[in-house]
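What follows is the residue order along each chain.
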Amino acid sequence: MAPPKWVALADEIRRQITAGELQPGDKLPSTSQLHAIYKVSTIVIPNAMSTFNAEEFVEGGPSVGVYVTNDPTIGSES
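What you see is a predicted model; the values in this text were computed from it and never measured.

(A) Layout of the pattern of salt bridges. Scanning the model with the defined rule gives 3 salt bridges in all. E12 is the salt-bridge partner of R15, the closest N and O atoms lying 2.9 Å from each other. A residue pair is termed a helical-turn pair when its members lie 3 or 4 positions apart in one helix, as R15 and E12 do in helix α1 (residues 5–18) at 3 residues. The class of R15 is partly exposed, set by a relative accessible area of 36%. According to the relative accessible area criterion, E12 is partly exposed, its value standing at 24%. Between R15 and E21 there is a salt bridge, with its nearest N and O atoms 2.8 Å apart.

(B) How the structure looks around the packing of α1 against helix α3 (residues 44–55). As a packed pair, α1 and α3 sit with axes 8 Å apart at the nearest point and diverge in direction by 50°. One way to sum up the angle between α1 and α3 is to call them oblique. Seen from above, α1 lies across α3 with right-handed handedness. Judged by residue contacts, K5, W6, L9, A10, I13 and R14 of α1 engage V44, I45, N47, A48, M49, T51, F52 and E55 from α3. Split into classes, the residues belonging to the contact of α1 with α3 amount to 9 nonpolar, 2 polar and 3 charged.

Calculation notes
- Residues numbered from 1 in each chain as written.
- Predicted model: local features only at pLDDT ≥ 70, side-chain atom pairs only at ≥ 80, totals over all residues.
- Heavy atoms only, no water.
- Salt bridge = Lys/Arg side-chain N within 4 Å of Asp/Glu carboxyl O.
- Helix = DSSP H or I, 4+ residues; strand = E, 2+ residues; numbered from the N terminus.
- Buried < 20%, exposed > 50% of the residue type's maximum accessible area, 1.4 Å probe, protein only.
- Axes fitted to C-alpha atoms, helices over the stretch in contact; angles between N-to-C directions.
- Parallel < 35°, antiparallel > 145°, perpendicular 65-115°, else oblique.
- Left-handed = near helix turned anticlockwise from the far one by under 90°.
- Contact = heavy atoms within 4.5 Å.
- Nonpolar A, V, L, I, M, F, W, Y, C, P; charged D, E, K, R; others polar.

From the geometry alone we can't say anything about function, so treat these as descriptive.
Written as structure tokens, this is what we have:
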């Protein structure tokens, strides 16, 4: 069985961050842009973003944008 769409989206963006495709300080696409790029419903995107906020991969939120964190421990095992 395929994972929920929000998990797949979170995994893809996490992969981009850990692979260096998205650098610290980079702004993630808006909800509408993510919707268009990944062809997921707009409810999927906040669920994925909640995962990143909990993991401290990103910071920010509505109206200011979501940015890849500058935390140097991202991707390391604690």
